[in-house]
Amino acid sequence: MNKIPSLLAGMNTAIFSRTGTFSGIGFAIPSNMITKIAPTLITKGYYMHPYLGLKGGVLTSDLAQNLTGTMTAATNLTGIYVDTITKDGPADKAGLHGSTTDQYSKKHVGDIIIAVDGHKVVRIDDLGSYIDLVCW
């Protein structure tokens, strides 16, 4: 039985092309984001995205191993690590902790975000997109 692929719709915004033609890597805004943002843009003339007050990154197996001490546990741990927190920002007020670096330049990961509201978080964009589309 053949499965019909899901339809992805969006609005093209840019293209990266080495030749200057219409072949290359295209970038688009998802249609569900357009339907949420467009009415606000029309009525107010701007759209304010939510601000978290943190910088983070993908939790690599090296960083995960540093946390767990074992490679087995590290391979199963996915999420984003909180790197820096903006003082008095939303993440700071929520009690999140950023990473630290010791005197030997070894990074010690702070908090790790693995899901938000039951939705898995793998990249920092996952967190921002979810909050932007659902919570804001």
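Notes on the structure follow. Residue positions within a chain follow its written sequence, with the count starting from 1. Side-chain atom pairs in this predicted model are given and counted only at pLDDT of 80 or more, local residue features only at pLDDT of at least 70, and totals for whole chains, interfaces and linings cover all residues. Neither water nor hydrogens contribute to the side-chain values; these are computed over all heavy atoms in the structure.

## Topic: unusual backbone geometry
Moving on, step 1. One non-glycine residue, Ser105, lies in the positive phi region at around 65 degrees.
Moving on, step 2. Comment: elements are numbered from the N terminus, with helices defined as DSSP H or I runs of at least four residues and strands as E runs of at least two. Locating Ser105 in the fold gives a position in the loop between strand S5 (100-101) and strand S6 (107-108).
Moving on, step 3. Relative accessibility decides the category of a residue: with a 1.4 Å probe and only protein chains considered, values under 20% of the type maximum give buried, values over 50% give exposed, and everything between is partly exposed. Here Ser105 falls in the exposed class, since its relative accessible area comes to 62%.
Moving on, step 4. The backbone of Asp117 sits at a positive phi, close to 55 degrees, despite the residue not being glycine.
Moving on, step 5. Along the polypeptide, Asp117 turns up in the loop between strand S8 (115-116) and strand S9 (119-120).

## Examining the layout of surface pockets
Moving on, step 1. Of the two site types, the cavity is a set of points on a 1 Å grid over the protein atoms alone where a 1.4 Å probe fits but cannot get out, and the pocket is an open set with protein on both sides within 12 Å along at least five of seven lines, each lined by residues with an atom within 4 Å of a point. Grid points are joined across faces, edges and corners, and a volume is the space filled by probe spheres set on the points. By volume, the largest pocket amounts to about 260 Å³.
Moving on, step 2. Lining the largest pocket are 16 residues; nearest its centre among them are Pro50, Tyr51, Leu52, Ile124 and Gly128.
Moving on, step 3. For the lining of the largest pocket, the elements supplying multiple residues, two or more each, are strand S3 (54-58) and helix H5 (124-135).
Moving on, step 4. The greatest single-element share of the lining of the largest pocket, amounting to 7 residues, is contributed by H5.
Moving on, step 5. The residue classification treats Ala, Val, Leu, Ile, Met, Phe, Trp, Tyr, Cys and Pro as nonpolar and Asp, Glu, Lys and Arg as charged. All others, Gly included, are polar. Looking at side-chain class alone, the lining of the largest pocket contains 7 nonpolar, 6 polar and 3 charged residues.

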